[in-house]
Amino acid sequence: MPRARRVLGLLTLAAAALSVPAVPASARADERIDYADGPTACRAFHAKNDKELADWSKTQPATPYRYPQDETILGAPWGPLTDGIGSTSDLLLASIVPHVGSQLRASAPAILISWPWSIPFGPAYTCSRHLGSFTVRDYKFHRAMVEPGVAAGKTGAAVFARLGYRFLYHPSDWVVGVGGGLGSTIDLAQKGEPQRISLSPEAVMQFGHCCDASYFTFAVRYDRYFAGTTLNGIGGTLGYTFF
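Residues numbered from 1 in each chain as written. Predicted model: local features only at pLDDT ≥ 70, side-chain atom pairs only at ≥ 80, totals over all residues. Heavy atoms only, no water.

The next subject is the sheet that holds strand β6 (residues 137-139). Here 3 strands make up an open sheet; going across it, the order is β1-β5-β6 and the pairing antiparallel. Each of the sheet's edge strands pairs with one partner strand only, and the pair in question is β1 (33-37) and β6. Neighbour-to-neighbour, the strand axes of this sheet turn through a mean angle of 15 degrees, independent of strand direction. Sheet topology places β1 next to strand β5 (residues 126-130); 5 bridges connect them, and they run antiparallel. (Pairing = 2+ DSSP bridges. Helix = DSSP H or I, 4+ residues; strand = E, 2+ residues; numbered from the N terminus. Axes fitted to C-alpha atoms, helices over the stretch in contact; angles between N-to-C directions.)

To continue, consider the environment of Lys140. The residue Lys140 is located in the loop between β6 and β7 (142-153) in this model. Since its relative accessible area comes to 28%, Lys140 is described here as partly exposed. Residues within four places of Lys140 in sequence aside, it is in contact with Pro120, Phe121, Gly122, Pro123 and Ala124. (Buried < 20%, exposed > 50% of the residue type's maximum accessible area, 1.4 Å probe, protein only. Contact = heavy atoms within 4.5 Å.)

The next thing to look at is the pattern of salt bridges. Inspection of the entire model under this criterion finds 8 salt bridges. Put simply, Glu202 and Arg162 hold a salt bridge, and the shortest N to O gap is 4.0 Å. Of this pair, Glu202 sits in strand β10 (residues 196-207) while Arg162 sits in strand β8 (residues 156-169), and the two are 40 residues apart along the sequence. By relative accessible area, which is 2% here, Arg162 ends up buried. Asp187 serves as the salt-bridge partner of Arg196, at 3.2 Å between the closest nitrogen and oxygen. Of the two residues examined, Arg196 and Asp187, each falls in the buried class. (Salt bridge = Lys/Arg side-chain N within 4 Å of Asp/Glu carboxyl O.)

Bringing the environment of Phe207 into the picture now. If you trace the backbone, Phe207 turns up in strand β10. Residue classification places Phe207 among the partly exposed residues on the basis of a relative accessible area of 34%. Counting along the chain gives 32 residues from Phe207 to Val175, while the straight-line C-alpha distance between them is 6.1 Å. Non-local contacts of Phe207, meaning those with residues more than four positions away in its chain, are made with Val175, Val176, Tyr215, Phe216 and Phe218.

Before going further, it helps to examine the packing of aromatic side chains. Per the stated rule, a full pass over the model turns up 10 aromatic pairs. Measuring from centroid to centroid gives 4.5 Å for Tyr125 and Phe141, while their planes differ by 10 degrees, and the two rings are stacked. Remark: Phe141 occurs in the loop between β6 and β7 and Tyr125 occurs in the loop between β4 (117-121) and β5; sequence separation between them is 16 residues. Judged by its relative accessible area of 25%, Tyr125 falls in the partly exposed class. Residue Phe141 is classed as buried on the basis of its relative accessible area of 5%. Here the aromatic cluster, defined as three or more aromatic residues joined through ring pairs, consists of Tyr125, Tyr139, Phe141, Phe167, Tyr169, Trp174 and Tyr215. One residue, Arg196, lies across the ring of Tyr225, its end atom 3.9 Å from the ring centre. (Phe/Tyr/Trp six-rings, centres within 6.5 Å; stacked < 30°, edge-to-face > 60°. Lys NZ or Arg CZ within 6 Å of the ring centre and 35° of its normal.)

What follows deals with the confidence of the model for the protein. Confidence in the prediction of the protein, expressed as mean pLDDT, is 80, and 79% of residues score 70 or more. In this model, residues 1-29 is a region of pLDDT below 50 whose contacts with residues beyond four sequence positions or in other chains number 17 contacts. (pLDDT = per-residue confidence, 0-100.)

Tracing the chain through its elements places Gly132 in the loop between β5 and β6. Linking Gly132 and Arg32, residues 100 residues apart in sequence, is a C-alpha distance of 8.8 Å.

In this chain, Cys210 is followed by Cys211 through a cis amide linkage whose omega measures 15 degrees. Of note, Cys211 is situated in the loop between β10 and β11 (215-225).

Encoded structure:
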């Protein structure tokens, strides 16, 4: 009987975990944010936002022209630069800070450092807007990937670049998005190996709430090379991403 109760308890926990993605966004997401899911709903969301912005603009008083003045820091006009950096700090961090991980090639472990830059395209599948704002954030499931990087291990360092496609499914009421991708890793320079390419599928998990920018992304990738002595490689990376 105690064993049966333990099994029942584990099944209950598993059922609760599986039901998390089905919880409505309003029950778990920030109540100060409006959401819409699906391309049709996002188009209607944008149309509603445009109308509300136009109606709000009509109620605003005319603003007289004010001649711009230099914003100085320590006597130098650094103000516009610091304002720009402050407003795009998330984007700068996601672009500059590398993803880190490890890779196994022929039983030889290596440290991975890479910069996976993504270019979203296609329709918006999820969108959101903070209450009191007229800025709509879109989330697109499709993205093109460009990822330069370095792998360093006992056999030396390898410089590579990866081109690929990634699909990430991340509705507004999910804290974790899931997806995968397919690409090709180009080894540009590696001791003992020629310049070569691979076929490279991947599985991806994205942590964060859609649709504001800033997520953590974990990717596990397999590389099958078509030349060289070490033909197989598998590894994973974790890092901060903007999309």
